[in-house]
Amino acid sequence: MRRKIIICLLAAALCALSAGCGAKPDGSSPSVPQSPPETQEPPASQAPSEAPEPPAPEPAPVQAPEPVSEPEPAPEEEAADLTGTWRDDQRGTSGGRCYMEITGTSDDYTIDIYWGSSASETHHWQLFGAYDEAAREIPYIGTHFLDTSLDGGNIQQTVMLKGLTGSLRLDDTGALLWNDSNEQTGEGMTFLRES
């Protein structure tokens, strides 16, 4: 048995010597070669010549659109208010004796024009029309009466002409010009606002 122990000791010494022979002069152990890095095998479903698909790019964040502010509507031009009393200029055809009264609204004017021919007789035109903003005028239709003052304060009205047409045009100075298509009575008259 002694012999077996000696053989085991010798074997151990040989092992120790063989391990010591590979040591470096600085005392460090020899480097162990590392195994090459593992390569990843493509999946069986993918052919070796196909390159793997790149990852899909993330969609860019969607920004809510800036609220578009609607342009403010242009302020509506108010229709010219022509209501009130207008009188022919002193230099006009009537010398200031002819005047008109306009009542109602721009889409439904009543125009009464009066021109006294004597102390008891007055020519009276009663006209109806709506203001045309684009043309700056009131196209009208109406009737010419002769109003006669009677004793006791009554007035007798006689129809002179029905179905009159024409217009009252607002000029750049703010005066109304009377264009009478039937009798041409308004020729040369310039009506200025009194009230």
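This one's a predicted model, so the numbers in the text were calculated from it and none came from an experiment.

Caption draft 1: Highlighting the overall build of the protein chain. Helices and strands together make up the secondary structure of the protein chain, namely 1 helix and 8 strands. Mapped from its N terminus to its C terminus, the protein chain presents α and β elements in the order α-β-β-β-β-β-β-β-β. Residues counted as buried form 24% of the 195 residues belonging to the protein chain. Sequence-distant contacts, at least 24 apart, represent 36% of the contacts inside the protein chain between residues at least 6 apart.

Caption draft 2: Expanded view of the sheet that holds strand S3 (residues 108-116). Overall, antiparallel pairing links the 8 strands, which are arranged S1-S2-S3-S4-S5-S6-S7-S8 in a closed barrel. Direction aside, neighbouring strands of the sheet carry axes that sit 30 degrees apart on average.

Caption draft 3: Structural context of the packing of aromatic side chains. For the structure on display, the rule yields 3 aromatic pairs. Three or more aromatic residues joined by ring pairs make a cluster, and in this case those are Trp125, Trp178 and Phe191.

Caption draft 4: Up close: the environment of Arg169. Structurally, the position occupied by Arg169 is in strand S6 (residues 155-170). Note on Arg169: relative accessible area 38%, which makes it partly exposed. The sequence separation of Arg169 and Arg136 amounts to 33 residues, and the corresponding C-alpha distance is 6.0 Å. Sequence-distant contacts of Arg169, that is, excluding residues within four places in its chain, are made with Ala135, Arg136, Glu137, Ala175, Leu176 and Leu177.

Caption draft 5: Layout of the pattern of salt bridges. Scanning all chains against the criterion turns up 2 salt bridges. Between Arg87 and Glu194 there is a salt bridge, with the nearest N and O atoms lying 2.8 Å from each other. Remark: Glu194 occurs in the segment after strand S8 (190-193) and Arg87 occurs in strand S1 (residues 84-88); sequence separation between them is 107 residues. The partly exposed category is assigned to Arg87, whose relative accessible area is 27%.

Caption draft 6: Examining unusual backbone geometry more closely. The phi dihedral of Arg136 falls on the positive side, at around 55 degrees, and the residue is not glycine. Despite not being glycine, Gln184 has its phi angle at roughly 55 degrees, a positive value. Position of Gln184 relative to the elements: it lies in the loop between strand S7 (176-180) and S8.

Caption draft 7: Spotlight on the nonpolar core. By size, the foremost hydrophobic cluster in this structure holds 21 residues, and its most contacted members are Leu82, Met100, Ile111 and Leu176. When residues of this core are traced back to their parent elements, those giving at least two are strand S2 (98-105), S3, strand S4 (121-129), strand S5 (137-149), S6 and S7. The biggest single contributor to this core is S3, with 4 residues. Each residue touching Leu176, except ones within four places of it in the same chain, is listed here: Leu82, Trp86, Met100, Ile102, Leu168, Arg169, Leu170, Met189, Thr190 and Phe191.

Each value, and the rule that gives it
- Residues numbered from 1 in each chain as written.
- Predicted model: local features only at pLDDT ≥ 70, side-chain atom pairs only at ≥ 80, totals over all residues.
- Heavy atoms only, no water.
- Helix = DSSP H or I, 4+ residues; strand = E, 2+ residues; numbered from the N terminus.
- Buried < 20%, exposed > 50% of the residue type's maximum accessible area, 1.4 Å probe, protein only.
- Contact = heavy atoms within 4.5 Å.
- Pairing = 2+ DSSP bridges.
- Axes fitted to C-alpha atoms, helices over the stretch in contact; angles between N-to-C directions.
- Phe/Tyr/Trp six-rings, centres within 6.5 Å; stacked < 30°, edge-to-face > 60°.
- Salt bridge = Lys/Arg side-chain N within 4 Å of Asp/Glu carboxyl O.
- Core = buried A, V, L, I, M, F, W, Y, C linked by side-chain atoms within 4.5 Å.

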